[in-house]
Every structure is written in C-alpha cells, then in structure tokens.
Protein chains: 4
Amino acid sequence: MISVAVLGASGRMGSHVIEAVNGAPDLELAAAVDHDGSVADAARAGAQVAVDFTVPSATEANVHALIDAGIHAVVGTTGWTEEALLRVEEHLKERPELGVLIAPNFALGAVLSMRFAAAAARYFESVEIVELHHPDKVDAPSGTATHTAMGIAAARAAAGIGPSPDATTHDPEGARGAVIEGVHVHAVRLRGLVAHEEILLGNPGEQLTIRTDSFDRVSFMPGVLLGVREVARHPGLTVGLDGYMAL
Amino acid sequence: MISVAVLGASGRMGSHVIEAVNGAPDLELAAAVDHDGSVADAARAGAQVAVDFTVPSATEANVHALIDAGIHAVVGTTGWTEEALLRVEEHLKERPELGVLIAPNFALGAVLSMRFAAAAARYFESVEIVELHHPDKVDAPSGTATHTAMGIAAARAAAGIGPSPDATTHDPEGARGAVIEGVHVHAVRLRGLVAHEEILLGNPGEQLTIRTDSFDRVSFMPGVLLGVREVARHPGLTVGLDGYMAL
Amino acid sequence: MISVAVLGASGRMGSHVIEAVNGAPDLELAAAVDHDGSVADAARAGAQVAVDFTVPSATEANVHALIDAGIHAVVGTTGWTEEALLRVEEHLKERPELGVLIAPNFALGAVLSMRFAAAAARYFESVEIVELHHPDKVDAPSGTATHTAMGIAAARAAAGIGPSPDATTHDPEGARGAVIEGVHVHAVRLRGLVAHEEILLGNPGEQLTIRTDSFDRVSFMPGVLLGVREVARHPGLTVGLDGYMAL
Amino acid sequence: MISVAVLGASGRMGSHVIEAVNGAPDLELAAAVDHDGSVADAARAGAQVAVDFTVPSATEANVHALIDAGIHAVVGTTGWTEEALLRVEEHLKERPELGVLIAPNFALGAVLSMRFAAAAARYFESVEIVELHHPDKVDAPSGTATHTAMGIAAARAAAGIGPSPDATTHDPEGARGAVIEGVHVHAVRLRGLVAHEEILLGNPGEQLTIRTDSFDRVSFMPGVLLGVREVARHPGLTVGLDGYMAL
C-alpha cells in the first residue's frame, strides 16, 4: 500500500487525483493539501509520494520541501524552466534514494503516440500531422501537435532523412497548413470535438496512422497513478512520463 | 442487351470502359472508336449508347453527331462550358427521346459524398474538409475538395446558416488551412496515398464523418456503367451523375 | 416565438430539453410538466408545441390529450406499437391542422447516416457495419446497428442487389461477426468509448465510409429543436425525424 | 556501395526487389538468380548480400550455401521451423562475422504497429483488433491480426493485466467476433480493400488507435532494403525485421 498526498487538492486536476487514489486498491490517501496547508501536512500524515497539481508559482518550492521531507514527488504543474529543473537535480544529490517525476502530459495515449511517431518517422518517406479540437481553442496548432512535430523532425534529422516529398506549386489559400520544422501540421476546429491528434506516415503502397482521442480530464489519471506507483523505483529526476514506460 | 460504342477507345479511361463493358452481362461492345474513326462507325455498328472519353476539343462535336445519329451519350470528357451545354440542350429539342449525360466525376463514392455533405451541412454547427493525396500533386486543395466546399457553402447559405464557429486568434503558421467560401479545407500530401477526402461535421456531443478513398481509375467504372444503363431512361440533358441516382 | 411545454421535465432527457429551449432565441418555455402535472397544465400555459420524454406507459395518453388540446407533439418516448401509431393517425383526422412527430432517435448524425447508408447501399458491391460502444453495454450488436443493417438490406433487396461478396471458408472463431439480413455487423467494446458506428461501402478501387460518433445526450438536442420548429409545418403523423429533413 | 544478389529473381517479390535495388543509389545488383542458377552464381558475381524470396523447399539450403560462401542473407521466404532456425544459428558459429535476417513480414508499418501495440497494451484497460481485407480472402482473421493479438496477449500477461472489460450477455449472432488469447478480433471483408489493420486501445476518456494500410507489394521494399543495408552490422541470426529497427 502506497501512502499518497495530493497538493492542490481542490483544483480540477487535484480532485480527480483524489478520486483516482481512493479508487485504487494499492494506494491510500494520506493527505489532501490545499492553499491553507503545506508540505509539512503531507509529511505529518506519513505520505510516501506526493502528487503536485498546484500553480507554477508554488510548484518548485513544493518539490524542494518534499525532497527535504523525504517524500517522492509526481508533478503535473507546468511552468518549469531548465534552471528550475537543474536546481531539483542538484538538490536530489543529497537524497539519492528519492525520485521526482515532472511530466508535462499524463495522457498515456498522447505520450505513447509521440514516442511511436518519433520511432517510426525515420522509416517513412512522408509524415504529416492533423490535430482536431473544439472550436473555442484560440491557438493553432496545438502545443501537443507542435511538440509531436518537433520530435518527428529531430528523429528524422538524426537519421539523416530529408523533408517529406511535396510537389505543391499552387496553393493560393494555404491548404497545406503550417510547417513546423519541416513537418506539415493541420488544425481542424469542430463543435463536439475535445482533443484529438492523427499522425500519418506514408511509404509507397503503405500507410501507418497513429491517432489519439482525449475526451475528458479523467484520461490523465492512469498516467498519474503510473507515476505514483513507479516514482520510488526511479531515483533522481525524470522529465516526461515516458521515462517510466517500458517501450 | 444494350449495345455500346466507346469513343476514345485507346485512351486510359477508354480502355477501362471497354473492359468494363465486356465484363457486364447486360452490355455488348458495338464499336471501339479512336482517332482514325468517327461517330459514323458507332452508328453503322448499331450502338444504342456511346461513351465519350475523348478530348475537350472533340467532345462537343461528338455529342452533336451522336444526337443526329440517334445515339444516347454518356460523356466523361471535361472542358464543357455553359454555352456548350446550352447548345446540346437546344439540339436535343429536335430529338426529345434521346438522353445525354455529361458528368465531371464518375466515382460513385465521391458523387454520393458530395450530395450527402450538402444535405447534412445545414444540420451541423461545424463543417471542415480534409483531402489527402499523393505528394506528386501540384495543386492544393484538390478540385473535388473545392467543389465539395462550394456545395456545402451553398447549402448552408440557402438554409441561413452562418459560418462554423472558430475562436482562433493565434495561428502564425497557417495551420487552419484554406478557407473556401467560409469552409476550412486542409490538404495532406503523403507518399502511398492516391485520392481521399474526409468531410467532418460537428454538433455538441456528436460528429458525422463522410470519407471517400479512391485507389484506382477502375473506381470510375461502376459509375460509367450506371450512366450507360440509365441514359435511355432520362431523356434530355443531365449534368452530373447524381441526376441518375435515387437519393 | 414558439411556446413549448416539456412533458417529463425532470427526467434526464427532459432537463436537457428545458435547457435547450431556454437557450434558443426563437423558443420560449411555457410549462415544465412532471409526474404530478398533466397535459392540461401545458394547455393552460398556452403551449403551441409539447415535447414528450415521459415513459412508455404514459406517452400514448399524452399524445391523445395534446391532440384534443390543439397542441403539436414531438415525442421521443419509446415503446410505440403499430396499433398505437394507427390510433394517433385516426385521431389526427379530427384535427387535420395538427402535427405529431414520433421519433426513435433524435441524433441528427445517426438519422442522416442511416439514410445515407440506405441510399448508397445499392451502388456498392460490399457493405459492412462496425459499431463501437463502452464495455458496460450488455447487448451486441447495438439496436442502431441492427436498424442500419435492416435499412441497408431493404434498399439492396429493392434494387435487386445480392449479398456482399465473401470467400471466407475458414473462420473457426467467428471473426466475421454477426450477419443481420445478409449484412455483416461487428461490435467493438472499448473503455472510453460512448456510442459510435461506421458503415463501410466498397467497390473496386473505391471506398465510402460513413461514421457517427455520439459522446453525450446533448447530441439529441439539435434534433429535438428541429422537431419543435418543424412540427407545425408537417400536419398529420410523422414517424422518424428524417421525415422533416430535406435530403 | 553494397553488392546484392537476388535469389528467386523471376518471382513476384524477386522482381520487385531487383527494381528496388536498381533504384537505390547505394546498392548495385550483382546477380539475379533463378531456378536454373544457384548460390554459386551469386558468389562468382561478388555479392556481399543475398536476398532470398524463393520457395520453402529451397530456402534453407540456400542460406547454408550463402553462409559457406561468406555472403550475408536477407530471407523473406516463409516456412522456417524452429529446428531449421537452430541449424542456421549453429552454422553461423563457424562464420561469426556473417549476418542472416529471416523475416516473416517486411512491411515496416505492420512490423512497427505490432511492436507499438505490444508496448502500449499494458497501459490500457481495453484493446481490440479490426482487420479489413478484400473479399477474396478465404481465412478469417488474418495471420497478421492473429499474430498481433498474440503479441498483445503476451504483453498483458507479462504485466499482470487481466482481460479487457466486457459486459456483453446477449450476442445471439456473434457480433463480438473472434477471441484470440483473450483479445477480440473482427474481420471485415470489403471489395476494393487490400490489407488493413486497426488496433484500438481504450482507457477512461482516452483512445489510442494504430492503423496500417497496405495497398501493394511494393510496400515491402523499404523493409527489404533496410534489411540489405543493416545485415552486415548485425552478425548472427536475427528473426524479425524489428531486430534491426531502433525503437
């Protein structure tokens, strides 16, 4: 039985995490900590692992306090800089038995599809991305699609693969979409959709398509629980949930 | 048994039509006419229906000669102007029993999906199009996608429906694609693909997707044979194969 | 402005209908009627149209009371027999200006896709259905998929089309799925899905795919509002929402 | 420049391989060997790598002759038993610098999707497979789908994951399809299709879909060329192309 504290307990993500921990037979909720509480509450309650879904201005201090308290940390709060990550790495040298996971995305499907796309990209002549979201989204393309495109571009560069073939000479309206580091990315906005991504890879006579559909915030919970269960087995700082996944 | 002449018999489409006619138990090939032949050959051979896949510079004269010869015409050659169509309509008044079908597209799936998309467009808040082709295509978006978008736009205008919702304010690379009469159209180019189109319609909590995949020129043959079998039952000029389809 | 009463106001569907009516600028809620209320309340409140999402044991009496009260009826309650429909038709002869719509399905995407599938089925050699639902569903295939298969089978029979080609001679585990009036139907059950259906049509070199995704009960509301707005323009009994749709 | 011999040169696969080798700037065709030729011809021509697409009755002898001649072997011929593989492994001990690749499938998309599915299977509650083929196929489900299901089942068993949830109690027609080691597999047969597979993985609020489409035998050529280029860098026996892929 792993004893878990949740920091940011009353936030949208935090309340889902509490529900998920309560529903898992191998986990128990030690403490639900909010604005008026602190890491000390988690320590007093005997938490072995803390999940942090707080705010960018609080998360770094939380992680350092957790390290001092000897508690493993699973962090979903965004806003981490390279410098902040280095400070955590440095601090962890004092407590080499502790694990800290900082992950920008806990959706297993999204994490896996980015890894799969990067692994496959060098074996196909062509690759493009179509992301599809609800029409209230203000930016295009999505951060996930941009991140996926960059991973694909890096994998192709490392393998010495050139850009995807494209004979387009006439495209007055911009139908070919955005080009992110050489990868075409298309953004669809449609009422009723939530968050979806399709990665298309093509060779002569063959296609490989990797698609993720996210309908709900609960989709992050299997990834959070994976982090909680694995963090003690991965001492040191890990960035990205795929570091815990056997691929 | 319907007796069929093929004009443009040695062309890429013509040779497929000959094969399709020979393979159909209710049709017989009366004449395969090429550059050195003429409509007179078809008439002498007793053709009841002629299929014209010739060239834009020849097709109008062929149709008028077929009308004079009392032969129904199924025409897949492109390049017809409004004026040329009116001249055929005028000529047909002399032979009110004859049918002429002039169709820009014989792919049943494409014809149906355009009709379905136009019929559905007024019932959905959002609609977008993704077309996907091989990377040797020089223009984007495809003519079929542009045509589909125009049909959708006309249907929505007729029903008093405004544009699809779109909160995008930040799209520096043009990921939202082309906008054809208010309909967003995205063009994917991928090695291994042939010609594909996906029409996405969205309402709160619901999606309708209509997709066509064309892999081969043989996909036009069921449509051509439908034209051959139906043309005698549709006197006068019909533009577009959907005029013969019970929808 | 159309004045609307909702019967079954506190039910799951009823409460969505109230919200949808309140959100529509051209509709106003005249009465929200529940167990302890009656059609008389709707009449007193001046309702022009009543929406009935009650229970099978109450809905027929409600419709007859609405006819007597001179109120158009839009009915989503299930359980109507052929005889019950005939009794409504008979009653409506006394009030030829009134409209009654009884619809088993208000999801526009599902209604349209069934119509499209039936229209397309005669033009393709092959047709199969894949339905996909959450894994808590106890029956397979879904009622909608069965209904779709029967519509396709009827359309093919009417056009004199035989069964889809199938050379399968070795299928020890039943991978080819259910056969509903000659149409193969496959049922996928997957955590995270809600209700989805894919109709696949195939000819040589060409595919047509029609897919609907339903994520939420709100997806029925555009269809209910369509019924409310159109019922006065369609005197007599109409069964099925597609009777109001311009296809 | 790698010098390549093709054994089985006049077969369907062999002729594609010759074309692919001729089209690759870093490869040169040393010998095209057929029924009346032998491995000795390949040796005399100075081949460094031989590709074997012959017949089950000839392939094992070919591989042993290639080892004796000091030529690396890339083998696509089927019919290898465990015992035959052991004999090759034993023989290679005499020539530890030589590589032999024996691969049942050279379609990169299919190889990758099987690997990805096995990697992802432990992270999702539900997984099912839909395979789609032309209607002239006599067996269902396809060998690839069966193989994929077995890989998924093994990965889930290794991770201690139970079967996918399924509440179905009423399925009189068998719509839920085949069950291969606990994984549901559905086989669609449709005119116009070639060979396609969709692996669906589901968690609460999230889906991951991996799809491969194979249209043509040319789709195997990138995999064959990958084998040719890599075989010298992988001494010993490798079974399965994924052994050469960086995943």
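Everything numeric here is computed off the predicted structure, so don't read it as measured data.

**So, the overall build of chain A**
Helix and strand counts for chain A come out as seven helices and 11 strands. In terms of overall dimensions, chain A has a C-alpha envelope of 65 × 40 × 30 Å along the principal axes. Relative to its full complement of 247 residues, chain A shows a buried share of 56%. Counted over contacts in chain A with a minimum sequence separation of 6, partners at least 24 positions apart contribute 72%. Surface summary for chain A: the accessible area is close to 9400 Å², and the carbon and sulfur share equals 54%. Taking the 16 positively charged and 31 negatively charged side chains of chain A as two groups, their mean positions are separated by 1 Å.

**Considerations on the interface of chain D and chain C**
Across the contact, 46 residues belong to chain D and 46 residues belong to chain C. A combined buried area of about 3200 Å² lies between chain D and chain C, and 59% of that area is made up of carbon and sulfur atoms. Area buried by chain D at its contact with chain C is led by Ala175, Leu190 and Arg191 of chain D, which between them contribute 18% of it. At the boundary of chain D with chain C, the tally comes to two salt bridges. Notably, a salt bridge pairs Glu125 of chain C with Arg191 of chain D, separated by 2.8 Å at the nearest N-O pair. Run the count over chain D and chain C and you get 22 residue pairs in polar contact (both at pLDDT 80 or more). Across the side of chain D that touches chain C, the residue classes tally to 22 nonpolar, 12 polar and 12 charged.

**Side note on the relation of the copies chain B and chain C**
The two copies are related by a screw operation: chain B maps onto chain C through 180 degrees of rotation and 0.0 Å of translation along the axis, at an RMSD of 0.0 Å. Considering both components of the superposition, the chain copies are consistent with a two-fold axis. Across chain B, the smallest distance between a C-alpha and the rotation axis is recorded for Ile210 of chain B, namely 2.3 Å. Both copies present the same face, since 100% of the interface residues in chain B are matched by interface residues at the equivalent positions in chain C.

**Overview of the environment of Leu247 of chain C**
Looking at where Leu247 of chain C falls in the secondary structure, it is placed in the segment after strand E11 (236-239). Taking the C-alpha atoms as reference points, Leu247 of chain C and Leu86 of chain C, separated by 161 residues in sequence, lie 26 Å from one another. The contacts of Leu247 of chain C, once residues within four sequence positions are left out, are Ala119 and Leu247 of chain B together with Leu112, Arg115, Phe116 and Asp242 of chain C.

**Structural notes on helix H1 (residues 12-23) of chain D**
All names here are of chain D. Here H1 spans 17 Å end to end across 12 residues, near enough to the 16 Å set by a 1.5 Å rise per residue. Those residues of H1 that sit buried are Met13, Gly14, Val17, Ile18, Ala20 and Val21. Around the axis of H1, the buried residues are gathered within 165 degrees of arc, so they sit on the same side. Looking at H1, the residues exposed on the side facing more than 90 degrees away from the buried face are Arg12, Glu19, Asn22 and Gly23.

**Let's talk about the interface of chain B and chain C**
Contacts between the two partners involve 34 residues from chain B, matched on the other side by 34 residues from chain C. For the pair chain B and chain C, the two sides together bury roughly 2700 Å², of which 62% comes from carbon and sulfur. On the chain B side of the interface with chain C, the three residues burying the most area are Phe116, Tyr123 and Glu206 of chain B, jointly 24% of the side's total. Where chain B meets chain C, there are 10 residue pairs in polar contact (both at pLDDT 80 or more). Looking at the side of chain B that touches chain C element by element, the count peaks at nine residues for strand E10 (residues 206-214) of chain B. Looking at the side of chain B that touches chain C residue by residue, the classes come out as 20 nonpolar, nine polar and five charged. Here nine bridges tie E10 of chain B to strand E10 (residues 206-214) of chain C, and the two strands are oriented antiparallel to one another.

**Some remarks on the side chain of Arg191 of chain A**
Along the chain, Arg191 of chain A turns up in the loop between strand E8 (183-189) and strand E9 (195-203). We classify Arg191 of chain A as buried; its relative accessible area is 18%. At 3.4 Å, the side chain of Arg191 of chain A forms a polar contact with the side chain of Asp136 of chain A. Residues within four places of Arg191 of chain A in sequence aside, it is in contact with Pro135 and Asp136 of chain A together with Glu125, Ser126, Pro165, Gly202, Asn203, Pro204, Glu206 and Gln207 of chain B.

**Here's the deal with the sheet that holds E11 of chain C**
All names here are of chain C. Strand order in the open sheet made by the six strands is E2-E1-E3-E4-E5-E11, with parallel pairing throughout. Of all strands in the sheet, those bounded by a partner on one side alone are strand E2 (27-33) and E11. The average undirected angle you get between the axes of adjacent strands in this sheet is 20 degrees. Packing against the sheet, helix H4 (residues 82-92) makes contact with strand E5 (99-102) and E11, and its axis sits at approximately 150 degrees to E11.

**Some points on unusual backbone geometry**
A cis amide bond links Ala140 of chain A to the next residue, Pro141 of chain A, at an omega of -5 degrees. With respect to the helices and strands, the residue Pro141 of chain A is situated in the loop between strand E6 (126-133) and helix H6 (143-158). Even without being glycine, Glu181 of chain C reaches a positive phi, approximately 45 degrees. Residue position: Glu181 of chain C is located in the loop between strand E7 (178-180) and strand E8 (183-189). A relative accessible area of 53% means that Glu181 of chain C is categorised as exposed.

**Some remarks on the environment of Val188 of chain A**
Within the secondary structure, Val188 of chain A is located in strand E8. In this structure Val188 of chain A comes out as buried when scored by relative accessible area, which is 0%. Along the sequence, Val188 of chain A and Ile18 of chain A sit 170 residues apart, while their C-alpha atoms lie 34 Å from each other. Look past the residues within four positions of Val188 of chain A in its chain and what remains in contact with it is Val130, Glu131, Leu132 and His133 of chain A together with Glu128, Val130, Arg176 and His186 of chain B.

**Brief notes about the packing of aromatic side chains**
Counting across every chain of the model gives eight aromatic pairs over all chains. Plain terms: the ring middles of Phe116 of chain B and Phe116 of chain C are 4.2 Å apart, the flat faces sit at 10 degrees to each other, and that makes the pair stacked. Here Phe116 of chain B, found in helix H5 (residues 108-120), pairs with Phe116 of chain C, found in helix H5 (residues 108-121), and the two come from separate chains. Take Phe116 of chain C: its relative accessible area is 3%, and that puts it in the buried class.

**A short note on the UniProt feature "domain: Dihydrodipicolinate reductase N-terminal" (unreviewed entry) in chain A**
In the numbering used here, UniProt assigns the feature "domain: Dihydrodipicolinate reductase N-terminal" (unreviewed entry) to residues 2-106 of chain A. With 41% helix and 24% strand, residues 2-106 of chain A has its two end C-alpha atoms placed 19 Å apart.

**Overview of the relation of the copies chain D and chain C**
Superposing chain D onto chain C takes a rotation of 180 degrees combined with a translation of 0.0 Å along the rotation axis, leaving an RMSD of 0.1 Å. A share of 100% of interface residues in chain D that are also interface residues in chain C marks the association as one of identical surfaces.

**Remarks on the side chain of Asp52 of chain B**
All names here are of chain B. Here Asp52 lies in strand E3 (residues 49-52). Of the side chains with opposite charge, Arg12 comes closest to the buried, unpaired Asp52, at an N-O distance of 14 Å. At a separation of 3.1 Å, a polar atom in the side chain of Asp52 contacts the side chain of Thr59. Side chain to side chain, Asp52 and Asn62 meet in a polar contact 2.7 Å long. Not counting the four nearest positions on each side in its chain, Asp52 is found in contact with Leu7, Thr59, Asn62, Val74, Val75, Gly76 and Thr77.

**Details of the domain arrangement of chain A**
Residue and element names in this part refer to chain A. Annotation of chain A at the domain level lists domain 1 (2-106 + 218-244) and domain 2 (108-215). The straight-line distance from the C-alpha centre of domain 1 to that of domain 2 is 31 Å. At the junction of the two partners, domain 1 supplies eight residues and domain 2 supplies seven residues. For the pairing of domain 1 and domain 2, the buried interface totals around 550 Å² over both sides, and the portion due to carbon and sulfur atoms is 60%. Three residues stand out in domain 1 for area buried against domain 2, namely Asn105, Ser219 and Asp242, and they jointly supply 66% of the buried area on that side. Counting across the interface, domain 1 meets domain 2 through one salt bridge.

Cut-offs used in this document
- Residues numbered from 1 in each chain as written.
- Chains lettered and ligands numbered in written order.
- Predicted model: local features only at pLDDT ≥ 70, side-chain atom pairs only at ≥ 80, totals over all residues.
- Heavy atoms only, no water.
- Helix = DSSP H or I, 4+ residues; strand = E, 2+ residues; numbered from the N terminus.
- Buried < 20%, exposed > 50% of the residue type's maximum accessible area, 1.4 Å probe, protein only.
- Contact = heavy atoms within 4.5 Å.
- Areas by Shrake-Rupley, 256 points an atom, 1.4 Å probe, with all protein chains shown as cover.
- Lys, Arg positive; Asp, Glu negative; His and termini not counted.
- Charge placed at Lys NZ, Arg CZ, Asp CG, Glu CD.
- Buried area = accessible area lost by both parts, 1.4 Å probe.
- Salt bridge = Lys/Arg side-chain N within 4 Å of Asp/Glu carboxyl O.
- Polar contact = N/O pair within 3.5 Å; in protein donor to acceptor, adjacent residues only side chain to side chain.
- Nonpolar A, V, L, I, M, F, W, Y, C, P; charged D, E, K, R; others polar.
- Least-squares fit on C-alpha atoms with pLDDT ≥ 70 in both.
- Expected span 1.5 Å × (residues − 1).
- Arc of directions from axis to C-beta.
- Pairing = 2+ DSSP bridges.
- Axes fitted to C-alpha atoms, helices over the stretch in contact; angles between N-to-C directions.
- Phe/Tyr/Trp six-rings, centres within 6.5 Å; stacked < 30°, edge-to-face > 60°.
- UniProt positions renumbered as here; feature names shortened; annotations may be inferred.
- Domains from an automatic or database assignment.

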